[in-house]
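Single-letter residue listing:
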Amino acid sequence: MHPSSLRNMRKARQHPGVTIGLAIRVLDVGGRSLSADDDRSYRSVFCDIAKEYCVADITAGHGVTHVMPCPYTLPFPDDHFDLIVSGQTLEHVKNPFRSVAEMMRALKPGGHIILTAPSAGPRHDVIDCWRFMDDAFMAIAEESNIKVIGDWIDFTAPDRRS
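These remarks concern the structure in this document. (Residues numbered from 1 in each chain as written. Predicted model: local features only at pLDDT ≥ 70, side-chain atom pairs only at ≥ 80, totals over all residues. Heavy atoms only, no water.)

Observations concerning the overall build of the chain
Along the chain, the regular secondary structure elements total four helices and five strands. Shown N-terminal to C-terminal, the secondary structure of the chain runs as helices and strands in the order α-β-α-β-β-β-α-β-α. Compactness check: the chain gives a C-alpha radius of gyration of 15 Å against a globular reference of 15 Å for 162 residues, within 12% of the reference. Dimensions of the chain along its principal axes, counting C-alpha atoms only, are 35 × 35 × 30 Å. (Helix = DSSP H or I, 4+ residues; strand = E, 2+ residues; numbered from the N terminus. Rg over C-alpha atoms; globule rule 2.2 N^0.38 Å.)

Okay, here's the thing in structure tokens:
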């Protein structure tokens, strides 16, 4: 995982507009790890408040609790999660608008979605479709009727791939 991704997920959790309760259900979309000793989920950021931490990915692998039946379908009922996080995943999704709309379906009313994605950097996987500029998340939010609480580009990221 990119060090700046973890740092920005922590920053988002601490944002004054984010009110997250205790004993919540958390979904991490795309948090599959490449090996047992390389946790690419954000479990460590939310373990103190999560009564349930699920990791959904399109491919089975380390840390995945639920395999998605297709790229734009989460295997959960409507209004199921208090918090959905996805980091360093949307750049690999052909249609990030559809992905976020599906996250909204699985999110409880009043819940939060925290997204991180690179705005620069070289190709870093077989499928690497996007870099997200300063208007990107606002456009996605508008399409999915999401109220944006915080949105920033981390220009201090020390790792080139962020």
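Thoughts on the sheet that holds strand β2 (residues 50-57)
The strand order across the open sheet formed by five strands is β3-β2-β1-β4-β5, and the pairing between neighbours is parallel. Each having just a single partner strand, β3 (66-67) and β5 (107-116) make up the two edges of the open sheet. Pairing of strand β1 (residues 24-29) with strand β4 (residues 81-87) involves three bridges; the strand directions are parallel. Note on β4: the bridge partner recorded for Asp 28 is Val 85. Across the sheet, helix α3 (residues 96-106) touches β1, β4 and β5, and the angle it forms with β5 is around 145 degrees. (Pairing = 2+ DSSP bridges. Contact = heavy atoms within 4.5 Å. Axes fitted to C-alpha atoms, helices over the stretch in contact; angles between N-to-C directions.)

Here's the deal with the pairing of β4
Burial within β4 is extensive, with six of its seven residues counted as buried. Where β4 and β5 come together, six bridges link them in parallel fashion. Along β5, the bridge assignment pairs Ile 84 with Ile 113. What joins β4 to β5 is α3, and the crossover it makes is right-handed. (Buried < 20%, exposed > 50% of the residue type's maximum accessible area, 1.4 Å probe, protein only. Right-handed = clockwise from strand over helix to strand, strands pointing away.)

Considering the environment of Arg 25
Within the secondary structure, Arg 25 is located in strand β1. A relative accessible area of 24% means that Arg 25 is categorised as partly exposed. For the pair formed by Arg 25 and Ser 99, sequence separation is 74 residues and the distance between their alpha carbons is 19 Å. Excluding its chain neighbours within four sequence positions, the residues that come into contact with Arg 25 are Lys 51, Glu 52, His 80, Phe 81, Asp 82 and Leu 83.

Side note on the nonpolar core
Of all hydrophobic cores here, the largest spans 21 residues; its most connected members are Leu 27, Leu 74, Phe 76, Phe 81, Ile 84, Leu 90 and Phe 132. Not counting residues within four places of it along the chain, the set of residues in contact with Leu 27 comprises Cys 54, Ala 56, Leu 74, Phe 76, Phe 81, Leu 83, Ile 84 and Val 85. Among the nonpolar cores identified, the runner-up in size contains 14 residues, and Ala 12, Ile 24, Tyr 42 and Val 55 belong to it. (Core = buried A, V, L, I, M, F, W, Y, C linked by side-chain atoms within 4.5 Å.)

Re the pattern of salt bridges
Applying the stated criterion to the full structure yields nine salt bridges. We note a salt bridge from Asp 78 to Arg 105, for which the minimum N-O separation is 2.7 Å. Taken together, the residues Asp 78 in the loop between β3 and β4 and Arg 105 in helix α3 connect sequence positions 27 residues apart. Between Lys 108 and Asp 82 there is a salt bridge whose closest N-O contact spans 3.3 Å. (Salt bridge = Lys/Arg side-chain N within 4 Å of Asp/Glu carboxyl O.)

Interpretation note: all reported values are geometric properties and have no functional meaning in isolation.
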